[in-house]
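Structural overview
Each chain, letter by letter, is given below.
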Amino acid sequence: GLAVNLGGKESTKKNPSSTSDSAKAESSVSIDENTNALEENKYPEVSELIANYRKAFKEGDTDLLKKVYNSDQEINADVLTATSQIIEDYKNTQYYTKRGLNSGEFFVYDELKLADIKTLAPNLSVFYVKTEDDGSLYIYRGDYNAASGSFEYDEKTQNYINQLYQDQDVMELISTVNTKMDSACANDSSLMEFMQKVRSKTSVTNSASTDTSDTSS
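Residues numbered from 1 in each chain as written. Predicted model: local features only at pLDDT ≥ 70, side-chain atom pairs only at ≥ 80, totals over all residues. Heavy atoms only, no water.

Here's the deal with the layout of surface pockets
- Its boundaries defined by the atoms lining it, the largest pocket holds a volume of some 230 Å³.
- Along the wall of the largest pocket there are 13 residues; nearest its centre are Leu49, Asn52, Lys67, Ser136 and Leu137.
- Mapped onto the lining of the largest pocket, the elements with two or more residues apiece are α2 (44–59), α3 (62–69) and β6 (137–140).
- Looking at which element gives the most residues to the lining of the largest pocket, the answer is α2, with four residues.
- Considered class by class, the residues forming the lining of the largest pocket number five nonpolar, four polar and four charged. (1 Å grid on protein atoms, 1.4 Å probe; cavity = no way out; pocket = protein on both sides within 12 Å on 5 of 7 lines; lining within 4 Å. Points joined across faces, edges and corners; volume = space filled by probe spheres on them. Helix = DSSP H or I, 4+ residues; strand = E, 2+ residues; numbered from the N terminus. Nonpolar A, V, L, I, M, F, W, Y, C, P; charged D, E, K, R; others polar.)

Right under this line is the structure:
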């Protein structure tokens, strides 16, 4: 799919509503929201990582994307090419982080705007970032599931992310971006038409996303 994620959560597999109640109940992860608040633009190395991710998609650079993913798996260049034809630029980027499961792991939101059409489109993408032994950061996509043709998080990571979606500051951030998108669409019929086409191709509730995770060949 195309690396376009406008408004809500990134994909169905990362949507907390897709996790069963029993799975949530079985999660042993304990999160104190008061000590894990969203932090804005705090980690330059995280900003650099996401900037390289955006650059890879914008320029169709498969080698750079492999580095960002810390993976030797082949990247489908057609996905990057298609994305660069839709996304002209990334503007007004802000990075929000929450701590991950272990030291050196981050849960990252990046809020940006797309210059694909006349009106810039408010956007929110979700990434889970990990740290290598040498201290370098990479975007963790989970393990590739050949049967479904997508990358999937392990149960513990997925449950942790689902719980983060319940944090008040995360819900407020998502709501703010969705409100901005609604306002932008109301003022630009071309953007509204584009969003309607995107939404018609996804089953994710209250978001407008295409599959951004599967760039494998």
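Some thoughts on the packing of helix α6 (residues 168–186) against helix α7 (residues 189–199)
- Between α6 and α7, whose axes approach to 6 Å, the crossing angle comes to 125°. By the criterion of interaxial angle, the relationship of α6 to α7 is oblique. Contacts between α6 and α7 involve Met181, Asp182, Ala184, Cys185 and Ala186 from the former and Ser189, Leu191, Met192, Met195 and Arg199 from the latter.
- Counted by class, the contact of α6 with α7 contains seven nonpolar, one polar and two charged residues. (Axes fitted to C-alpha atoms, helices over the stretch in contact; angles between N-to-C directions. Parallel < 35°, antiparallel > 145°, perpendicular 65-115°, else oblique. Contact = heavy atoms within 4.5 Å.)

As for helix α5 (residues 155–164)
- Burial analysis of α5 places seven of its 10 residues in the buried class, the great majority of the element.
- Thr157, Gln158, Asn159, Tyr160, Ile161, Asn162 and Leu164 are the residues of α5 that are buried. (Buried < 20%, exposed > 50% of the residue type's maximum accessible area, 1.4 Å probe, protein only.)

Read these as layout, nothing more, since geometry by itself doesn't imply function.
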